Amino acid sequence: MPKAFQEISVQQLAQTLQTDIATGLSNVEAKSRNQRLGLNELSREKPDSIWAMLLRQVNSLIVWILAAAAIVSFLMGDTVDGFAVLAVIVINAATGFILEYNARESMEALRKLDRTPARVLRDGQIMEIPSENITEGDILVLEAGDLVPADANIVLANQLEVDESALTGESVPSAKRIEPSAGDVPLGDQHNRLFKGTAVTNGNAKAIVTGIGQATELGKIATMVHQAKRTATPLEAKLDSLAKVLIWITIGLATLFLVVGLLRGEETRQLIETAVALAIAAIPEGMSVVATVALAYGMLRLAEKKVIVKRLSAVETLGGTNVIFTDKTGTLTQNKIEVHKLHFPAGDLSVTLHPGKNGRKTMELAGEDLKLSSSKEFELLARVGALANNAQLNSGEPDRKQIGDPVEIALLRFAEGAGIDLRRFGSKYIRKAEEAFSSDTRIMGTLHESAGTYYVSVKGAVEEVLELCHWESDTKRKEELEISERMAAEGLRTLAFAYRESMQLPSDGFTNEAKLTYLGLIGFLDPPRTEVMPALQACHDAGIKVIMVTGDHPATSLNIARQVKLVGPEEQLVLTGKDLQSFDFSSETDQQKMLNCQVFARVNPAQKLDMIDFYQKRGDIVGMTGDGVNDAPALKKSDIGIAMGQRGTAVAAEAADMVLKDDSFSSIVRAIGQGRVIFENIRKFIVFLLSCNMSEIFVVTFAGFLGVGNPLLPLQILFINIVTDVFPALALGVGKENHKLMLSPPRDPKKPVLEMKDWRRIVYYALVITICVLGVFWYGTSQLGLSHKEGGTVTFYALSLAQLLHVFNLYSGKGRFFHNEITRNKFIWQAQGLCILILVATYFIPFLRQVLTLQTLDIKSLVLVLVGAILPLIFTQLARTAYLTRRFKG
C-alpha cells in the first residue's frame, strides 16, 4: 500500500512528482501539467434554471386539481370562475418562485478562496502567477499573511505557523516542520503538510504541491457540499402529506357525488358544477400563503434578535429540533486564547480575566493559597511572559484584531491584568537580543536591559525549558514534568517559563550560557462564553440533546464540555475520529456508544455527515452549527444549518439555513423558542382553515344529497377561501410568543401536523357550522319564502360570518373566552374588521354583488344571517364548557 503524503520524505516526494526542489518546474512542464491535470480551481455546480424553478411551483396535485376546475369552468362558460381559479394558481406560484429565488452560492464562495496570486519557483526564478495555474510539483514560496493556494508538503520551514481553524476547528495556529508525520493521522496532526485555503500566520516556507483543485482537502469538502442533499424540512413534508389527504378526500367526494347524482337522474351540468364547487371547497388555497407569511413574520422577529434566516421553512424546523451538533471553538468558547491556570513550585492558581476600563483586563484569581498572587514569583512570571514576547497589544481592540501570536497576546493580557503598564514597559526594558523559537530548540528567549541590569526571559516547551534550569534534585524536575502532563491531559496548552538576572552582558548564547531559574507553568485555554451555560440548561429543559463535534484535541474538548456543564464533572467518554473509523453503525453496541457520547473530537467533515445521517435515520430533527470550510457539508446535510456571522467563512454562511450575527449559542435557544411558537401558530391556523373548508364541503354535499340544490356557487366558495378565511388565519399565524413551550420536550417529529384529536375538533367545528348554516338556508327558503338565489345569499353571508367568528373558538384550553391569546392578538381584531368591511362591500357595491351572484335581502333575511353566524359560536362554547366541567368533576 503506497504511503500517504504526510509519511513521505522530501526527497522521495520530489522524485515521485518529478520536480527539482532547487529550481522548481520549468514553465514548459508546468503548462503541460496544466493541460493534463487541469486548473487549480473547484468545480462548479450548475444552478437550477429559472424555468425549472417556475415549473417546480406548479408541479403539484393541488395545482392540477385547481387547473382542472378552471378548465371545466371555461368549458361550461363560467369564464369569471375560471379566471378566478387561474388567478389563485398564479398568485401561489409567484409567491413560491420569489421565495425560492435565492441562489445557492456555496460553490461560488469556495471559489473566492482561489482568487489570489501565488508565488512559485519556476526555472530557478521566483514568480507570481494566478493561483489557478499552480500544478502538481510546483514549489510554493510562502510567508506570513499568505493564503495557501494548494495542498503541499513542506520542504523548507522557518518558524512556520499556519491557521488551520477553517479546516480543523483548532483555535491555536499549528506549528509546522519538515519531518514526515507518522501513520494515518488527522489533518490537524499532519505537521509537514499545508492545505489549500489555510493561512500562514508566522514564518516562511517552501513546499511541493501535491494536490490541486478537487484533489485538495478543500476540494473534497466542496465535493461533499455537492453530494450532501438537503432533505425536505419537516413542515414541508407534513404540509405536503396533509395536502395529499385533502386531494383524495376531494376526489372521493366529487366522484361519489357525481355517481349518486347520475344514478338519481339529476342534470349533468348541475352535477359537474357542484363537483367543481367541492374541489374548490376541499382545497385550502390560502394555506401555503398563510404558512409563508407566518414563517416570514417569525423570520423578522428573529432578525431583531440577531438571527438571519435564509430559508423561511428553517424557522419552523428549528422549533422541532431535538438534536444540536455544535462546534466548540467560538460557539461554546470565545475563540481566543487566555491564561487559565498558573502553576508555581509552591502551588497553583486559576485565572479569570474580565473586561476593564479603557479596554484593559482585570484579573480574578482562585486557589488554595492566594498569597501566591502577591509573591515575587507571580510578578516575575507576568514580567517574563511580557518580555519573551513579540506581540503588540492595542488596548480597546478585541483579541482577533491584535497583532501577533494568540498565545503571546494572552501573555500580554495576563501581564496587563497583573498590573504591568505595557505602555511604559517597552521604554523601561530595552531589548538587546532574541533567540527565536524554532522546531529544533522549541524555546524562545530574549535579553533585555534596564537600569544596568540584564534580564534573560525564556518560554517554551516544558521539557526543553526544564533542561535549561537549575535543580536541587532530578526528582523535582520530574515532578514538574508530570504536572505539565496532567495539565495537558486537562486540555490546557502548557508552556514553561524561566529567567535569569545579571549585572553583566551575557554572550550570544545567553539561554544556554548558565542554568536558569525555573518560575513555573502557564496553562492556556480558549475560555467558555459566559452565556453558554444558561443556554445549555434551557436546551436541557426543552428536551434538546446538545452534542459537541470539533476537530480539536480530545482533552481540550472534554475540559470545555465540563466547564460549560454540557457533561458532568466526572464524564470521561470522548470519541475521536479515529474511533469512528472502526464504527459499525448497524451494531447495537456502537449505536449505544454513539448515543451515550456528547463530546466528539478530531472529527473530519465526512464523519460529521455520518453522524448527522445516523441521528436523522433515527427520526431526529438535527441542527448543526459551524463556521469553517470543514463545516459546510454538514451544515447543508443537517435539517437546519446554523452558521456564525462574525467569524464564520463565506462557505459556511452560504451552506447554512441561518446565520447568527452575534455567534452566540443563546441566540440558537431564542430561535428554537420562536420556531416552536411558529409551529403552534401554524397548527392553529390549519385547524381553522380546514374546519372552515370542511364546513363548505359539508354544506355543498349535504345540500346535494338532501336534494335542495347547491346553495353555494364555486366562485362564492373561492371568495370565502381567499378573502374571509385567509385574513383571520394570517392573524393566527403571527401570534405572540409562548414561553411555556420551551419547558416541554420537542414534538415528536414522526407525528403529523394534525393529530387525531385535532381532526376530531375539525369535524366537530365543521358539523356545527354546517348544521346552523343549512338550517337558516332551509328556514329561509321553506318558511320565509325566499327564492333559491336569495337562500344562497343568506347561506353565503351566514357561512362567511360564522367562519369569521369561529376564530374565537381556537384559544388554548386554559384560557377564558373573553381573555385569552386570541382576544389579546390585535391582528385578530384587525382581520375581523377588514373582512366585515369586505363583506359589506360585496353587498352594497353592485359590481361585486353581480360577479358573486348575490341578491339584496330584507330585514328578516339579514337577521337570519346573524342567527346562522352566531349560533355555531354559542353551541361550540356550550359544548366546551360542558366538556371541561365533566373533565374537572372526573
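Look up a bit, the structure's there.
Nothing here was measured: the structure is a model prediction, and the numbers come from that model.

What counts, and at which threshold
- Residues numbered from 1 in each chain as written.
- Predicted model: local features only at pLDDT ≥ 70, side-chain atom pairs only at ≥ 80, totals over all residues.
- Heavy atoms only, no water.
- Helix = DSSP H or I, 4+ residues; strand = E, 2+ residues; numbered from the N terminus.
- Buried < 20%, exposed > 50% of the residue type's maximum accessible area, 1.4 Å probe, protein only.
- Contact = heavy atoms within 4.5 Å.
- Areas by Shrake-Rupley, 256 points an atom, 1.4 Å probe, with all protein chains shown as cover.
- Expected span 1.5 Å × (residues − 1).
- Pairing = 2+ DSSP bridges.
- Axes fitted to C-alpha atoms, helices over the stretch in contact; angles between N-to-C directions.
- Arc of directions from axis to C-beta.
- Parallel < 35°, antiparallel > 145°, perpendicular 65-115°, else oblique.
- Nonpolar A, V, L, I, M, F, W, Y, C, P; charged D, E, K, R; others polar.

Points about the overall build of the protein
Piece 1. Within the protein one finds 32 helices and 23 strands.
Piece 2. Looking at the 890 residues of the protein, the share that counts as buried comes to 53%.
Piece 3. Sequence-distant contacts in the protein: of pairs separated by 6 or more residues, those separated by 24 or more amount to 71%.
Piece 4. Taken as a whole, the protein presents about 39,700 Å² of accessible surface, with 57% of it coming from carbon and sulfur.

Quick word on the environment of Thr135
Piece 1. Looking at the element boundaries, Thr135 is found in the loop between β2 (125–130) and β3 (139–143).
Piece 2. Its relative accessible area of 0% is what places Thr135 among the buried residues.
Piece 3. Setting aside its immediate chain neighbours within four residues, Thr135 contacts Leu25, Ala30, Arg33, Asn34, Leu37, Val209 and Ile212.

What to know about helix α25 (residues 665–706)
Piece 1. Taking 1.5 Å of rise per residue, the 42 residues of α25 would be expected to cover 62 Å, and the 61 Å separating its terminal C-alpha atoms lies within 8% of that figure.
Piece 2. α25 sits mainly inside the fold: 37 of its 42 residues count as buried.
Piece 3. Once α25 finishes, Gly707 follows within two positions and takes phi at roughly 70°, a positive value.

Here's the deal with the sheet that holds strand β19 (residues 575–576)
Piece 1. Reading across the sheet, the 8 strands line up as β8-β23-β22-β21-β9-β18-β20-β19 and stay open at both edges, with mixed pairing between neighbours. With partners counted over all chains shown, the strands left at the sheet margins are β8 (307–309) and β19, one partner each.
Piece 2. Two elements, β8 and strand β23 (residues 658–660), share 3 bridges in a ladder whose sense is antiparallel. Bridge pairing in β23 places Val309 opposite Met658.

Comments concerning the sheet that holds strand β16 (residues 493–502)
Piece 1. A sheet is described by the order of its strands in space; here 8 strands give the open sequence β12-β11-β10-β17-β16-β15-β14-β13, paired in antiparallel fashion. In the strand order of this sheet, the two ends are held by β12 (361–366) and β13 (430–435), each with one partner. When the angles between neighbouring strand axes are averaged without regard to direction, this sheet yields 25°.
Piece 2. With 5 bridges connecting them, β13 and strand β14 (residues 443–450) associate as antiparallel partners. Within β14, the residue paired with Arg431 across the bridge is His448.

Looking at the pairing of β2
Piece 1. Relative to β2, strand β1 (residues 117–122) runs antiparallel, the two sharing 6 bridges. Of the residues in β2, the one forming a bridge with Arg122 is Gln125.
Piece 2. Where β1 hands over to β2, the hairpin turn is made up of 2 residues, of which Asp123 adopts a positive phi near 50°.

Observations concerning the side chain of Thr842
Piece 1. Turning to its location among the elements, Thr842 is positioned in helix α30 (residues 826–844).
Piece 2. For Thr842, the residues in contact, after removing those within four places along its chain, are Phe719, Phe796, Tyr797, Leu848, Arg849, Leu852 and Leu854.

Focus: helix α2 (residues 27–37)
Piece 1. For α2, every residue scored as buried is listed here: Ala30, Arg33 and Asn34. One side of α2 holds all its buried residues, which, seen down the axis, span an arc of 105°. Facing away from the buried side of α2, by more than 90 degrees, are the exposed residues Val28, Lys31, Gln35 and Arg36.
Piece 2. Looking at the buried positions of α2, the neighbouring elements they touch are β1.
Piece 3. Downstream of α2 by a residue or two, Gly38 has a phi angle that is positive, lying close to 90°.

Considering the packing of helix α26 (residues 714–724) against α30
Piece 1. With their axes 11 Å apart at the nearest point, α26 and α30 run at an angle of 150° to one another. Compared by their axis directions, α26 and α30 come out roughly antiparallel. Every residue of α30 that contacts α26 at Phe719, Val723 and Thr724 is listed here: Cys835, Ile838, Leu839 and Thr842.
Piece 2. Split into classes, the residues belonging to the contact of α26 with α30 amount to 5 nonpolar, 2 polar and no charged.

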